[in-house]
Amino acid sequence: RIVAGSSTGLHFYQARELTLERQILMFKDDTWINLNVAKQQVEQTHGEAWRWLRWRGINPATGKPELWPAETYGPLPEARLTPEHSEKQSA
């Protein structure tokens, strides 16, 4: 596994094929989202990260691409923070 960092987050690659497996993207106000790219799943969100996420799809009526709200396929999973981490967040 190869991990690459950038100003927007961490990117995890499968080493043999260099395919992107997972992204942890960071946004304003310490919000973030953990995406399993290989499975096309949102695994965790924190804070209001949902505001930055959209699904891209094709409108069946028009055949044109459009963006859909993050909650299109159901509620997004909130991160479960440890008690120690929760105390640091509220300080």
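The structure under discussion appears in the preceding block.
Residues numbered from 1 in each chain as written. Predicted model: local features only at pLDDT ≥ 70, side-chain atom pairs only at ≥ 80, totals over all residues. Heavy atoms only, no water.

Draft legend 1. Molecular detail of the pairing of strand S7 (residues 65-69). Across five bridges, the pairing between strand S6 (residues 54-58) and S7 is antiparallel. In the sheet register, Gly 57 faces S7, and the bridge partner there is Glu 66. Hairpin connection of S6 to S7: six residues between the antiparallel strands, including Gly 63 at a positive phi of 75°. (Pairing = 2+ DSSP bridges. Helix = DSSP H or I, 4+ residues; strand = E, 2+ residues; numbered from the N terminus.)

Draft legend 2. Representation of the pattern of salt bridges in the model. According to the stated counting rule, one finds two salt bridges in the structure shown. Taking the shortest distance from any N to any O, the salt bridge between Glu 48 and Arg 51 comes out at 2.7 Å. Here Glu 48 falls in the partly exposed class, since its relative accessible area comes to 43%. (Salt bridge = Lys/Arg side-chain N within 4 Å of Asp/Glu carboxyl O. Buried < 20%, exposed > 50% of the residue type's maximum accessible area, 1.4 Å probe, protein only.)

Draft legend 3. Main features of the sheet that holds strand S4 (residues 32-36). Taking strand neighbours across the sheet as the criterion, the five strands line up as S1-S2-S3-S4-S5 in an open arrangement whose pairing is antiparallel. Edge positions in the open sheet fall to strand S1 (2-6) and strand S5 (41-46), since each of these has one partner strand only. Along the sheet, successive strands turn relative to each other by an average axial angle of 15°, direction set aside. As paired elements, strand S2 (residues 9-14) and strand S3 (residues 19-26) share six bridges and run antiparallel to each other. (Axes fitted to C-alpha atoms, helices over the stretch in contact; angles between N-to-C directions.)

Draft legend 4. Expanded view of the layout of surface pockets. Each pocket or cavity is described by its volume, and for the largest pocket that value is around 150 Å³. Where the lining of the largest pocket is concerned, the elements lending two or more residues are S3, S4 and S6. (1 Å grid on protein atoms, 1.4 Å probe; cavity = no way out; pocket = protein on both sides within 12 Å on 5 of 7 lines; lining within 4 Å. Points joined across faces, edges and corners; volume = space filled by probe spheres on them.)

Draft legend 5. Looking closely at the environment of Gln 41. In this fold, Gln 41 is placed in strand S5. Overall, Gln 41 belongs to the partly exposed group, its relative accessible area being 38%. Sequence spacing of Gln 41 and Leu 76 is 35 residues, and the spatial spacing of their C-alpha atoms is 9.7 Å. The residues touching Gln 41, leaving out its near neighbours within four places in the chain, are Asn 34, Leu 35 and Asn 36. (Contact = heavy atoms within 4.5 Å.)

Draft legend 6. Inspection of the packing of aromatic side chains at higher detail. Tallying each qualifying case throughout the model produces two aromatic pairs. Aromatic pair Phe 27 and Trp 52: ring centres 5.7 Å apart, planes at 5°, arrangement stacked. In this pair, Phe 27 sits in the loop between S3 and S4 while Trp 52 sits in the loop between S5 and S6, placing the two residues 25 residues apart along the sequence. For Phe 27, a relative accessible area of 24% corresponds to the partly exposed category. A ring pair is formed by Trp 55 and Tyr 73, whose centres lie 5.8 Å apart and whose planes are at 75°; its orientation type is edge-to-face. (Phe/Tyr/Trp six-rings, centres within 6.5 Å; stacked < 30°, edge-to-face > 60°.)

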